[in-house]
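Below are the chains, spelled out letter by letter.
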Amino acid sequence: MKDIDMQDDFVEVPLDRMRACPQCDALYHLQPVQPRERAACKRCGTVLIAPRAFAFTRIIALSVAALILLTIALFTPFLDLSAAGMHSNASIWDTAMAFSDGMMAPLSIAVVAFIIVIPALRLGLIVYTLVPLARGRPAGIHAAGAFRLAEALRPWSMAEIFVIGVAVALVKIAGMASVTPGIAFWSFCILVIMMIWQDSFVDREQVWSALHRGSRTANTA
């Protein structure tokens, strides 16, 4: 990975070519950055730009695969439990709906929102934003707003927290019942890995620059 220096000379620099470091607010004039290069803040060392080759195509592929895995995880058995002659299995959706009545309804809504709706919505927004850009076409309608919403939802997408919680619960009940992970459990584990991998390809500055170029092309067409 090659490091390049960002200029701090702002004489006649267009506003859209200036960026502030998100950590220390140092202001820089953006320079062209190629794949396998990165631009870092001189003051605090925060990486400002680190584009990757074919990043959009890889992000789209991983997002679509994650959406497929999420669909599989919703409607296939998550865990198979056997204890004292009793047997039970349920999907993630069945588990969430088990608390849908009475005072526990808010818990059911939270489970559905944080581990199903928000991750699916965020993945869908990313696909919507990047598909035209990856094909060299102008950005879609409200693509900037879609990507901004996807970024805002990132802290609230808690699929990985759910998997960690399930793993802790399995350790605690292992001595009391026979527990067999189902297809949905493994699908969800792979889903979490894919989402983390996908995030590693996302360079926000690269996306915003592509959106800006796409919107400018659409306006002049």
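Residues numbered from 1 in each chain as written. Predicted model: local features only at pLDDT ≥ 70, side-chain atom pairs only at ≥ 80, totals over all residues. Heavy atoms only, no water.

### Topic: unusual backbone geometry
Leaving glycine aside, a negative phi is the common case for residues, and trans is the common case for peptide bonds.
Here is step 1: Located in the positive-phi region is His 142, a residue other than glycine, with phi close to 60°.
Here is step 2: By secondary structure assignment, the location of His 142 is in the loop between helix 3 (105–134) and helix 4 (143–153).
Here is step 3: With a relative accessible area of 66%, His 142 lands in the exposed category. (Helix = DSSP H or I, 4+ residues; strand = E, 2+ residues; numbered from the N terminus. Buried < 20%, exposed > 50% of the residue type's maximum accessible area, 1.4 Å probe, protein only.)

### Details of the pattern of salt bridges
Here is step 1: Tallied over the entire structure, the rule returns three salt bridges.
Here is step 2: Arg 122 serves as the salt-bridge partner of Asp 199, at 3.0 Å between the closest nitrogen and oxygen. A residue pair is termed long-range when its members are at least 10 positions apart, and Asp 199 in helix 6 (residues 183–201) and Arg 122 in helix 3 qualify at 77 residues.
Here is step 3: Relative accessible area serves as the criterion here: at 24%, Asp 199 is assigned to the partly exposed category.
Here is step 4: Residue class for Arg 122 comes out buried when judged on its relative accessible area of 3%.
Here is step 5: Here Arg 204 ties to Glu 151 by a salt bridge, and the two come within 2.7 Å at their closest N and O atoms. Here Arg 204 is found in helix 7 (residues 204–220), whereas its partner Glu 151 is found in helix 4, with 53 residues between them in sequence. (Salt bridge = Lys/Arg side-chain N within 4 Å of Asp/Glu carboxyl O.)

### Focus: the nonpolar core
Here is step 1: Counting 22 residues, the largest nonpolar core has Phe 78, Leu 79, Ile 92, Val 166, Phe 185, Phe 188 and Leu 191 as its most contacted members.
Here is step 2: At the level of elements, helix 1 (55–75), helix 3, helix 5 (159–173) and helix 6 are the ones that each hand at least two residues to this core.
Here is step 3: In terms of residues, this core owes the most to one element, helix 6, which gives seven residues.
Here is step 4: When sequence neighbours within four positions are dropped, the list of residues in contact with Val 166 reads Phe 78, Leu 79 and Phe 185. (Core = buried A, V, L, I, M, F, W, Y, C linked by side-chain atoms within 4.5 Å. Contact = heavy atoms within 4.5 Å.)

### Considering the confidence of the model for the protein
Here is step 1: Per-residue pLDDT for the protein has a mean of 78; in total, 84% of the residues score no lower than 70.
Here is step 2: Here strand 1 (residues 2–4) stands out as the least confident element of the protein, with mean pLDDT 46; helix 4 is the most confident, with 92.
Here is step 3: Low pLDDT, under 50, characterises residues 1–5; the stretch is placed with 15 contacts to residues that sit more than four places away or in other chains.
Here is step 4: In this model residues 216–221 is a low-confidence stretch, pLDDT under 50, and it forms two contacts with partners more than four residues away in sequence or in other chains. (pLDDT = per-residue confidence, 0-100.)

### A few points about the side chain of Gln 198
Here is step 1: Along the chain, Gln 198 falls in helix 6.
Here is step 2: With relative accessibility at 1%, the residue Gln 198 sits in the buried group.

### Describing a nonpolar patch on the surface
Here is step 1: Together, Val 64, Ile 68, Ile 72 and Ile 183 make up an exposed nonpolar region whose accessible area comes to about 330 Å².
Here is step 2: Tracing the sequence through the fold places Val 64 in helix 1.
Here is step 3: Among the residues examined, Val 64 registers a relative accessible area of 35% and is labelled partly exposed. (Patch = residues over 30% accessible without salt bridge, like charges linked within 9 Å, V, L, I, M, F, W, Y side chains within 5 Å. Areas by Shrake-Rupley, 256 points an atom, 1.4 Å probe, with all protein chains shown as cover.)

### Structural notes on the side chain of Ser 157
Here is step 1: Tracing the sequence through the fold places Ser 157 in the loop between helix 4 and helix 5.
Here is step 2: Ignoring anything within four residues of it in the chain, the contact list for Ser 157 reads Phe 114, Ile 118, Pro 119 and Met 195.

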